[in-house]
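# Per-entry structural report
For reference, the chains in residue letters:
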Amino acid sequence: MTDLERRPRELVLRPLDPARDVPSLLETWAAVFGERRSAGEWSRRFLDNPAGLRAFVACDGDRVVAQYAGVPSRVWIDGEEHRFVQSVDSLVHPDYRAGLKRPGLFVRLAREYFAHYGGPRRAGGGDATAGDTIHYGWPLEAAWRVGKRFLSYERVREELVLVRELGATPSAPATDCAVEELRPGDLAPGADGDEIRWLWERALGAWGASAVRDAAYYRWRCAPQGDARYRLLGARDAAGTLRGLAVLRDGERLAPGARALVDWMVPADDEDAARALDAAARAAARADGGARLLAWLPDRSPDFAAFQDRGWRVRPTPYRLAARSFDRRFDALFLREHWWATLADSDLA
Amino acid sequence: MTLPRSSSEPDARGDAACLREVRADDERAALDAFRRAFELQAGDPLLQPGAWRRRYFENPAGTRAFAAFDRDGAMLAQYAGLPRGALVEGERVTFTQGVDSLSDPERGRALGSLFARVGRRFAATYGGRVGEGDPFMWGYPVRAAWRVGKALLGYETLRSQVALACGVDAVDASAGDHAVDTSRDAAALPDDHDAWYEAFRARHAATLDRDRATLAWRYASSRVAFGVVRSTDAIRGLVAGRAAGFEGARRFVITEWLVEPDARGAAIAWAARRAAEEGARELYTWLPPWCEDFAALQDAGFRARPTTRVMVGRSYDRRRPAEWYADHWYTTLGDTDLLP
């Protein structure tokens, strides 16, 4: 009996157990990607996520030989909390890829993963372990073909990027807002409540679906990860009210000379806050050595037009947003028309 | 797959329904079905004398229509398309835009399975690998048709369509030393148009035919004006459009945008003049986001705007998956039937 004939029968497919699987998972990670990820980095990315953990593994004895994983977020739709999960970090150890059986281990594992985590939203929406409404991602070509054929992936849209060429350092526009830098680690609800959550509720407006953006979310999402450092810029008025928030990632990202505007949260009618944050973000990106600033905003949001009015231009990208819905009400057209998604909802920046 | 082009199958009432290709003598049954399914008013362009026949049976690329009829000859369900000749990486093929799919509204719910069978027969009859059928079918369906197309015909979402729009007063373009001749009749386009377009289209991997005969069929009875841009007697571009209510506003809709880089200013300036003459305050067009003109028009004052439409498609040739067409097919609004 060859190794390839023996292995599939003995593999166990199950949810990842953080207490025992992580060292082996990271060994396989290194074998697949040729670089090491520390247990601390893995923990910050997956275990610290306030929305929960999504990871399924294939084990050969005690050895993790494949993973299908995701990063969940709490998404608010019409007064209900749902979970959307971005598929990330899927891998199969090279020794377990080959084989005559189709579909292969990747697809078998993904099917188990979706069967376990996907499904109708659980009552109350508070179940952090299953009942996910949407799984989504920006798969590369090979994963897209497999996902479309075997895993019911569906294209939502091809992403467009807003690009702002950075010329001379912009002077601060005359607005009634001042921009300050917020430290992700310090974000916490104050004595009067969570001002970031309040801002998100104002900015969400009529937009139908959005990941809950509060202090806990940004504390986790903007914590340093690997070489990634994030800068949170807050626009505050003279009364001290937080009127807008922008997140930048330091360092080149997505294109030569580009810096990423990872997130943008400004109520659509607050032009002063938008202009103040736009100028501050450009200045920060330029100070970081960037030649241009990039942002992803849904084309159906008011911000898509407002950014162009402020000098941003629209360009194509090679990325396609793919999704699998587990609730017929929220299909690809719904996501296209109603989901507020930015680079913060991805692992691309 | 080879299927007979006509067969009898039971409908929801158990009556025999005849499934077959639509024929030219089905006009009355088809228009009766259109009136019921689409609630067409008397003035609808499709109900004008000769319009149905022209749409289905005078298309130089042929006819693509399959329907179910009851024993009295009433059309119960239809799947149809508008084929256009296309050039894909040097191969002459046919693309078909799905249009006019319907099921009888009074018997529609019960006819679900019959409608699905008509759809499958349509796909099996006309779709196919290059040389055997149409390798690519596509459309911009409304939401209800999007669900049906996905479920029954295997359509995939290819593009969330965006538009380019520019206020006439915000146009930043000039004609330079180019001249633009205006024509209201595609058949009257200059003799060198066909040769020029064959050369122009070579820059793109996939394009639809736009010879004079094809454009004459496409724009028959249309109020579109054509602007032929010339420099030192050579054609440098073709632009076409008309004012219309489209996507929620009255605007000058540019349906053809086939323009060399040096002729962009002249083409935009011509469109702005036409828009002003026709009482429209905005220029509006659809282009693939990956094409050079998508950026160039933004430099000239256009801005990207969302639309209500999603492009869907299905490939019948494994050499090119459906998304290949989204990334390589240079298509304009004139390729669709959305603006007659």
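Just so it is clear, the model here is predicted, and its values are computed rather than measured. (Residues numbered from 1 in each chain as written. Chains lettered and ligands numbered in written order. Predicted model: local features only at pLDDT ≥ 70, side-chain atom pairs only at ≥ 80, totals over all residues. Heavy atoms only, no water.)

### Some details on the overall build of chain A
Cut-off, in case you're wondering: Each helix corresponds to a stretch of at least 4 residues labelled H or I by DSSP, and each strand to a stretch of at least 2 residues labelled E; elements are numbered beginning at the N terminus. Think of it in three bands: residues with accessible area under 20% of the maximum for their type are buried, residues over 50% are exposed, and the middle band is partly exposed, with areas taken using a 1.4 Å probe on protein chains only. Contacts were defined at the residue level, with two residues in contact if any of their heavy atoms lie within 4.5 Å. Charge counting follows a simple rule: Lys and Arg are positive, Asp and Glu are negative, and His as well as the terminal groups are ignored. Just so you know, the charge point we use is NZ for Lys, CZ for Arg, CG for Asp and CD for Glu.
A count of helices and strands for chain A gives 10 helices and 14 strands. Within chain A, the fraction of its 349 residues that count as buried is 56%. The contacts in chain A between residues at least 6 apart in sequence include a share of 71% that link residues at least 24 apart. Positive and negative charge centroids in chain A, built from 52 and 52 side chains respectively, lie 5 Å apart.

### Some thoughts on the environment of D335 of chain B
Residue and element names in this part refer to chain B. The line we're drawing: Definition of a polar contact: a pair of N or O atoms within 3.5 Å, with one able to donate and the other able to accept a hydrogen when the atoms are protein atoms, and with sequence-neighbouring residues admitted only if both atoms are side-chain atoms.
Inspection of the secondary structure assignment puts D335 in the segment after α9 (322-328). As for D335 and R218, which are separated by 117 residues in sequence, their C-alpha atoms are 8.5 Å apart. Apart from residues lying up to four places away in sequence, D335 is in contact with R84, Q97, W138, L208, R210, W329 and Y330. For D335, the side chain forms a polar contact with the side chain of T331, separated by 2.9 Å.

### Observations regarding the packing of aromatic side chains
Note on aromatic pairs: each is described by the distance of the centres and the angle between the planes. All names here are of chain B. Rules: Within 6.5 Å between ring centres, the rings of Phe, Tyr and Trp (the latter by its six-membered ring) count as paired, and their orientation is classed by plane angle as stacked under 30 degrees, edge-to-face over 60, tilted in between. In this analysis the charged atom, NZ for Lys or CZ for Arg, is taken to sit over a ring once it is within 6 Å of the ring centre and within 35 degrees of the ring normal.
Following the criterion strictly, the structure yields 40 aromatic pairs over all chains and no others. Aromatic pair W196 and F200: ring centres 5.1 Å apart, planes at 35°, arrangement tilted. Taken as a pair, W196 and F200 lie in helix α5 (residues 193-200) at a separation of four residues, close to a single helical turn. Taken as a pair, W196 and F200 share a single burial class, namely buried. Members of the aromatic cluster, connected to one another through ring pairs, are F95, F136, W138, Y140, F246, Y284, W286, W324, Y325 and W329. Over the ring of Y219 we find R218; its NZ or CZ atom is 4.5 Å from the centre of that ring. R320 extends its terminal NZ or CZ atom over the ring of W324, reaching a point 5.3 Å from the ring centre.

### So, the pattern of salt bridges
Note the following rule: What counts as a salt bridge is simple: a side-chain nitrogen of Lys or Arg found within 4 Å of a carboxyl oxygen of Asp or Glu.
Using the criterion set out here, one finds 64 salt bridges over all chains in the structure. In this structure, E80 of chain A and R329 of chain A form a salt bridge, with 3.9 Å as the shortest nitrogen-oxygen distance. Separated by 249 residues along the polypeptide, E80 of chain A in strand β4 (residues 80-92) and R329 of chain A in the loop between β13 (313-325) and α10 (332-338) bring together distant segments of the chain. Taking the shortest distance from any N to any O, the salt bridge between R84 of chain B and D335 of chain B comes out at 3.7 Å. With R84 of chain B in strand β4 (residues 75-88) and D335 of chain B in the segment after α9, the pair connects residues that are 251 residues apart, well separated along the chain.

### Some remarks on the domain arrangement of chain A
All names here are of chain A. Cut-off, in case you're wondering: Just so you know, the domain bounds were taken from an automatic or database domain assignment. Simply put, the buried area is the total loss of 1.4 Å probe accessible area from both parts when two parts are fitted together.
Domain boundaries assigned for chain A yield domain 1 (3-152) and domain 2 (160-318). The centre of domain 1, based on its C-alpha atoms, is set 30 Å off from the matching centre of domain 2. Contacts between the two partners involve 14 residues from domain 1 and, on the opposite side, 15 residues from domain 2. Summed over both sides, the interface between domain 1 and domain 2 buries roughly 1,100 Å², with carbon and sulfur atoms accounting for 62% of that surface. If you sort the residues of domain 1 by the area they bury against domain 2, R44, R74 and W76 come out on top, with a joint share of 44%. Of the charged contacts, one joins D214 and R74 as a salt bridge, the two residues approaching to 3.6 Å between their closest N and O atoms. Across the domain 1-domain 2 interface, the total number found is five residue pairs in polar contact (both at pLDDT 80 or more). Those elements that place two or more of their residues in the side of domain 1 that touches domain 2 are α3 (39-47) and β3 (63-77).

### A few points about the side chain of D345 of chain A
Residues and elements named next belong to chain A. Tracing the chain through its elements places D345 in the segment after β14 (339-340). Looking at D345, its side chain comes within polar contact range of the side chain of R213, at 2.8 Å. Not counting the four nearest positions on each side in its chain, D345 is found in contact with Q86, Y136, W138, A211, R213, Y217 and W340.

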